[in-house]
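Structural characterization, general
Listed below are the residues making up each chain.
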Amino acid sequence: MSATAATRAPATTTMTYREAVRLALREELVRDEDVFLMGEEIGVFEGSYKVTAGLYRDFGPVRVRETPISEEGFVGAGIGAAMMGLRPVVEIMTLNFILVAMDQVVNHAAKIRYMFGGEVGCPLVIRTPNGGGSQLTAQHSQSFEVFFAHTPGMKVVAPSTPADAHGLLKAAIRDDDPVLVVENLQSYKVRGEVPNDPERVVEIGRAAVTREGSDITLVAHSFAATRALRVAERLKQDHGVNAEVVDLRSLRPLDTETIAKSIQKTNRALCVDEGWSTYGVSAEIASRIQKACFDDLDAPIERVGLAEVPMPYAKQLERAAIVNDDKIMAAALSVLDLGPSV
Amino acid sequence: MSATAATRAPATTTMTYREAVRLALREELVRDEDVFLMGEEIGVFEGSYKVTAGLYRDFGPVRVRETPISEEGFVGAGIGAAMMGLRPVVEIMTLNFILVAMDQVVNHAAKIRYMFGGEVGCPLVIRTPNGGGSQLTAQHSQSFEVFFAHTPGMKVVAPSTPADAHGLLKAAIRDDDPVLVVENLQSYKVRGEVPNDPERVVEIGRAAVTREGSDITLVAHSFAATRALRVAERLKQDHGVNAEVVDLRSLRPLDTETIAKSIQKTNRALCVDEGWSTYGVSAEIASRIQKACFDDLDAPIERVGLAEVPMPYAKQLERAAIVNDDKIMAAALSVLDLGPSV
Amino acid sequence: MVLIRVFEEEVERQYKRARIGGYCHLASGQEGATVGAVDPMERDDLLFSSYRTHGLALAKGVDPDAVMGELFGREGGSAHGRGGSMHLLDVPHGFLGGWGIVTGQLPLATGAALALTYRGKRAAVMCELGDAATNMGAWHESLNLAGIWDLPVVFLIFNNRYGMGTTVEKASAEPELYKRASAFKMHGERVDGQDVEAVLEASDRLLTRARNERKPAVLEVITYRYRGHSVADAGTAYRTQEEVEEWRKRDPILIYRRRLMDERGVEESQLRAIEARVEQRVEQSVIAAEASPEPPVDTLARHLYGDPNSAKQFSQMGPGSPFGERELVLGGLGR
Amino acid sequence: MVLIRVFEEEVERQYKRARIGGYCHLASGQEGATVGAVDPMERDDLLFSSYRTHGLALAKGVDPDAVMGELFGREGGSAHGRGGSMHLLDVPHGFLGGWGIVTGQLPLATGAALALTYRGKRAAVMCELGDAATNMGAWHESLNLAGIWDLPVVFLIFNNRYGMGTTVEKASAEPELYKRASAFKMHGERVDGQDVEAVLEASDRLLTRARNERKPAVLEVITYRYRGHSVADAGTAYRTQEEVEEWRKRDPILIYRRRLMDERGVEESQLRAIEARVEQRVEQSVIAAEASPEPPVDTLARHLYGDPNSAKQFSQMGPGSPFGERELVLGGLGR
Ligand SMILES: Cc1ncc(C[n+]2csc(CCOP(=O)(O)OP(=O)(O)O)c2C)c(N)n1
Ligand SMILES: Cc1ncc(C[n+]2csc(CCOP(=O)(O)OP(=O)(O)O)c2C)c(N)n1
Ligand SMILES: [Mg+2]
Ligand SMILES: [Mg+2]
């Protein structure tokens, strides 16, 4: 009976991105005594975006440590604890606030192991949501994860699906190096299937081809990868175009091999980024593609991102600034020589 | 007599980059009562790198304000003073230390005018040297000016010659927006001609073709532009190659027009950067070139930069990490199909 | 006080009707602290605040139409619809903004005070912050600079007992926050924020001292917010309903109203009249906001840079620029 | 103390001979503060320091060969030649580094103390910083966290009167730095750093208190550096020769030497013997450093990442990578 019941148990569970992150945290807290959470309002308040709901109740104030507003202090404390062999998972309420802790991340976490010749490590995880689109304005809508992707010594992942949010966060927690896990405010609501396997991790440094296609490759990460999939469907319906979508998942390391393979097949590329394009993630992608696929490209690599302004408040201005599906669509058509290049 | 003497007066003066910066500061302090300097050790100590030598003596503690070690505090104070219409010129001892003030620069200085609908501005200048090469190790050898070039609302310049250091700093001080002026520890020793004209400024947003050539374009900024010129001469002597050198001078705005014109002529491009290449300045340059010059390129755009590690201490390791002339030479030859691509 | 109370009640209604979006932090319960602190400010005095900014802006004399207009995201707003609830600003009235990064406004306020002394002006800066903001490094650096440079700035702590859901006792090793001024040999004191006149007396004294003697100070005002941290927070997870009720009994408007009637012989009718005018004024601000135009989409890049040469400086950035940028921004800078 | 003095004299000689490069901060004059503070530390206690780190490392028991080796940039160095003078480290001896960003080590030390309590260890952390470092925000945040979380950490201020060329009075609104602990309801005290035994007594007491009662504290040690801020600074622009001479009269080694001979009946010959051994030890460290191999250039990427999967994680990053990166780094991670 129980055996058959077991075999009948579903292989996956449908849940939101938010729930997937929460599940990963819960599983790792159970698995490893050295794992603990730190951050503002992650306890009684259950997280500003409710990601840690229930964890404080179940694991208590030592494993789920509430902090004052002192990002520089508690990110640094996480680094110090990690040097001692613990595995702190620090939540920064939103990416915007990590700027006050920038020195601890870039000048300390990222440098420690190398600077001391490998004599000490820093198995730290910082998880934080980026993104805009809810009229949160200039100081609360940014996606500058590129700052950390630029920094040797860091690893940076940015999942777009619940399954990857779950598997990559677990991989990050088990990794012996500092990993920034970039979540996204819009992605928290995204639903998807997550395998029922607390031992499953998603390998860091591997992009995913989330849609097969032959005519153009859309390269994106975080919530932009979700948008890219939607636009790919529209391209099929409205224009009979078969777009392939590469979800980067990891920014450092960057899986250029998977990107290049795709473009060698499609010969056209569009990089989509929720953040600013100029000196942004898509700049690196485009410059690697042009080198790796120089003879394969039928058209220049195009990039589309957030308008190069601080995020404005007024709804229609914000809508004009962010990377919406229409903009991605138009950019894709221009790469395909099916539309004007703006 | 005096008239003839006047006519006989030289049009330029030879000086070091360091002296050119000092002269620009002195001239602007004289020109505008609202200009004042702030920073650590810029007074009695005359600057950690002696850039402000003599200014404290001549202008006193109000115009040349010594600060405690509180970058976040005094950079923010500079922003607040700039909002009131003053023109603070804040020195950060080296770029590495700006990380503790990152929030004030990225979330405040860069956002203020737009976020408040143009009702208030921020005519602030932050000047600071970047770069490595003197065994200063991981926390003191960085060149991440790309962080600021990525940020809308900022302007970023990075002169390589005494004349540009003088003219661009003066333009920055007179500009109504926040400008980061990136100097360089190696450049301070560089000598050159500076026009004897306190009214001369160098326009922000204009790259300079510092050497005409027909076979390949070397694109660089800051001290890398000086290296590029040296390598261009070697390319001529050792290989008969005529290299053109484009000194960016300004990273935001970025003068893509001048870069593109050059490559439409040479059909080959190498981007040189003292900083890390990955997600760095050269990524943006390369991705714009591939789009603007898609049909002009005879070879993939190559990039050469600092090895993707924190700066090591041991002399020979550091030498292996930094962008030296030999590396630039080898990279150029590979772009010219005259050498192996590594 | 009544204007602020009524205004914010209207703001909450409009938020529910989705005419206002984004983060929105209400301060009902803190009107005594707000009015008491700001009332003694002279026109040349400068006020900086956190994101909980509606009441402070109104108290400093910002036109309710401009505040409501900003919340509606209209050109008539104090930031022409670019800033929203957290980023009100009115330079002519000496209101130097609404800021969203906790403690981010402190270094700025310190710099503004430096500018006043640089120009030899006899004026002071008041900088509001929350209790939890005193745990940030920028607090320490700003007060130290104000101390060594003798700057005319009053750091005004609105201690409403919580930073989101975290109590002062949990977050601050020294919960008597005004005592933290001692780390800078700076004067600090604490006052009851529900008694508007008590706050007014202290604020007036410290502002005068700042103007005349160029001495910074810390003024901690004990108060309470009835609503959640923002409209998104019910405000129930971390405190009891009883606690909220207890504080409502010490409502600053109630207390002052009683005092006016019992001790100052003010007639109920007079107060009613004021309230009626206030309600009218608030209604009018909604009408004005509705009447104000939305910022045209083609002005997206406007206000990014202010230097007259900016358009020229960026004019050669076009080639190879990412999709949509050239028209949107490079073009926009010209306007 | 003598070992540190002699060792640093040798370091300066080797620096002049260009066998040592980069920034190099000497601490002669501070030996009493250093030895007095570190001597009471137990092996499980952890020491963090700023960039002025040679003496502290030696006092915590780091092998002089490993220190000199690091300064020479050799594989035998405590950081295998990657860190240099500012970045010494020895985990087995509980020396958690030499750090270059002013006050950057404070949050780390706080986190190490948190780890000790998390693991229920009966040990304490000592974190050295300079007088000028108390003006940084990280100081405030670290002490506040140590205070609310009851962490076993002693913040050790080496007040040598100057931050580069800036006096304490000019930089700190409260120049009696130990008093700044009051902003966190934390114990703070000041001691004469030229009297090694006075420092030792205070340090022992506060470390014991930290271990047994989980109570953080601030220990300010008044001392002086004879040399410039670093070997690049003559140290003359901001202070008089007389001042330096005055302090030399209170040299910690001199004072202790006299006390041993006058009060403890120690023979001059005994001290001479010690000094002779010390000089031998220092000479030997130079010989050891010279004998140690230089890090091979092809190990440039070694130690960048520590996770065993790192090479695999980066293995697909090759295509299109910038000139020289593939071999140099992607390859190097394998090693
Ligand atoms: C640096 C930073 N960290 C976190 C936040 C998110 N946040 C906004 S308000 C707030 C609580 C502030 O509480 P307090 O200072 O007491 O002010 P109050 O909201 O009570 O008026 C937090 C954590 C932020 N805006 N900035
Ligand atoms: C954030 C930061 N700003 C500036 C510097 C440059 N700097 C290095 S040491 C120093 C002075 C520190 O003085 P103090 O804290 O008294 O320590 P001491 O050198 O006297 O031992 C400065 C300004 C730095 N390393 N980090
Ligand atoms: Mg509060
Ligand atoms: Mg000192």
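Described in the following lines is the structure provided in the data block. (Residues numbered from 1 in each chain as written. Chains lettered and ligands numbered in written order. Predicted model: local features only at pLDDT ≥ 70, side-chain atom pairs only at ≥ 80, totals over all residues. Heavy atoms only, no water.)

1. Section: the environment of Gly69 of chain D
All names here are of chain D.
- Checked against the element boundaries, Gly69 lands in helix H4 (residues 64-71).
- A C-alpha to C-alpha distance of 17 Å links Gly69 and Val297, two positions 228 residues apart in sequence.
- Beyond its immediate chain neighbours, meaning those up to four positions away, Gly69 contacts Arg74, Gly77 and Ala289. (Helix = DSSP H or I, 4+ residues; strand = E, 2+ residues; numbered from the N terminus. Contact = heavy atoms within 4.5 Å.)

2. Observations concerning the packing of aromatic side chains
- Throughout the structure, instances matching the rule amount to 19 aromatic pairs over all chains.
- Seen from their ring centres, Phe45 of chain A and Tyr238 of chain C are 5.8 Å apart, and the 25 degrees between their planes marks the pair as stacked. Pair noted here: Phe45 of chain A is in the loop between strand S2 (35-39) and helix H3 (55-63) and Tyr238 of chain C is in the loop between strand S8 (217-222) and helix H9 (241-249), and the two residues belong to different chains. Here Phe45 of chain A and Tyr238 of chain C have matching classes, each one buried.
- Look at Phe144 of chain B and Phe147 of chain B: their rings are 5.0 Å apart centre to centre, the planes differ by 10 degrees, and that puts the pair in the stacked class.
- Look at Phe147 of chain B and you get buried, because its relative accessible area is 1%.
- Through pairs of rings, three or more aromatic residues link up here, namely Phe144 and Phe147 of chain A together with Phe144 and Phe147 of chain B.
- The ring of Tyr226 of chain C is capped by Arg248 of chain C, whose NZ or CZ atom sits 4.2 Å from the centre of that ring. (Phe/Tyr/Trp six-rings, centres within 6.5 Å; stacked < 30°, edge-to-face > 60°. Buried < 20%, exposed > 50% of the residue type's maximum accessible area, 1.4 Å probe, protein only. Lys NZ or Arg CZ within 6 Å of the ring centre and 35° of its normal.)

3. Looking at the site of ligand 1
- Lining the immediate environment of ligand 1, one finds 21 residues, of which Glu71 of chain A together with Tyr51, Arg52, Gly100 and Tyr162 of chain C sit closest.
- Neighbouring residues of ligand 1 are distributed over chains A and C.
- Measuring from a nitrogen atom of ligand 1, one finds a backbone N or O atom of Gly100 of chain C at 3.0 Å.
- Ala133 of chain C places a polar main-chain atom, nitrogen or oxygen, 3.2 Å from an oxygen atom of ligand 1.
- When ligand 1 is considered free in solution it has 590 Å² of accessible area, and contact with the protein chains removes 97% of it.
- Partitioning the shell around ligand 1 into residue classes produces eleven nonpolar, six polar and four charged. (Near = heavy atom within 4 Å. Polar contact = N/O pair within 3.5 Å; in protein donor to acceptor, adjacent residues only side chain to side chain. Areas by Shrake-Rupley, 256 points an atom, 1.4 Å probe, with all protein chains shown as cover. Nonpolar A, V, L, I, M, F, W, Y, C, P; charged D, E, K, R; others polar.)

4. Notes on the site of ligand 2
- Every one of the 21 residues lining ligand 2 counts as a neighbour, but Glu71 of chain B together with Tyr51, Arg52, Gly100 and Asn160 of chain D are closest to it.
- Residues close to ligand 2 are split across chains B and D.
- Within the side chain of Asp131 of chain D, an N or O atom sits 3.1 Å from an oxygen atom of ligand 2.
- Between ligand 2 and the protein, one listed contact pairs an oxygen atom with a backbone N or O atom of Ala132 of chain D at 3.1 Å.
- When isolated, ligand 2 has an accessible area of 580 Å², and the protein chains bury 96% of it.
- Taken together, the residues of the shell around ligand 2 break down into eleven nonpolar, six polar and four charged.

5. Looking at the interface of chain A and chain B
- Taken together, the contact between chain A and chain B spans 51 residues of the former and 52 residues of the latter.
- Between chain A and chain B the total buried area reaches about 4,800 Å² when both faces are included, carbon and sulfur atoms providing 63% of it.
- Among the residues chain A hides against chain B, the three largest losses belong to Tyr114, His150 and Tyr279 of chain A. Together they make up 18% of the total.
- Put simply, chain A and chain B have six salt bridges between them.
- For Arg303 of chain B, the salt bridge identified is with Glu284 of chain A, shortest N-O distance 2.7 Å.
- Those elements that provide at least two residues to the side of chain A that touches chain B are helix H5 (102-109), helix H6 (112-115), helix H7 (146-149), strand S12 (250-252), helix H11 (281-292) and strand S14 (302-306) of chain A.
- No other element matches H11 of chain A, which puts eight residues into the side of chain A that touches chain B.
- Grouping the amino acids of the side of chain A that touches chain B by side-chain chemistry returns 28 nonpolar, twelve polar and eleven charged. (Buried area = accessible area lost by both parts, 1.4 Å probe. Salt bridge = Lys/Arg side-chain N within 4 Å of Asp/Glu carboxyl O.)

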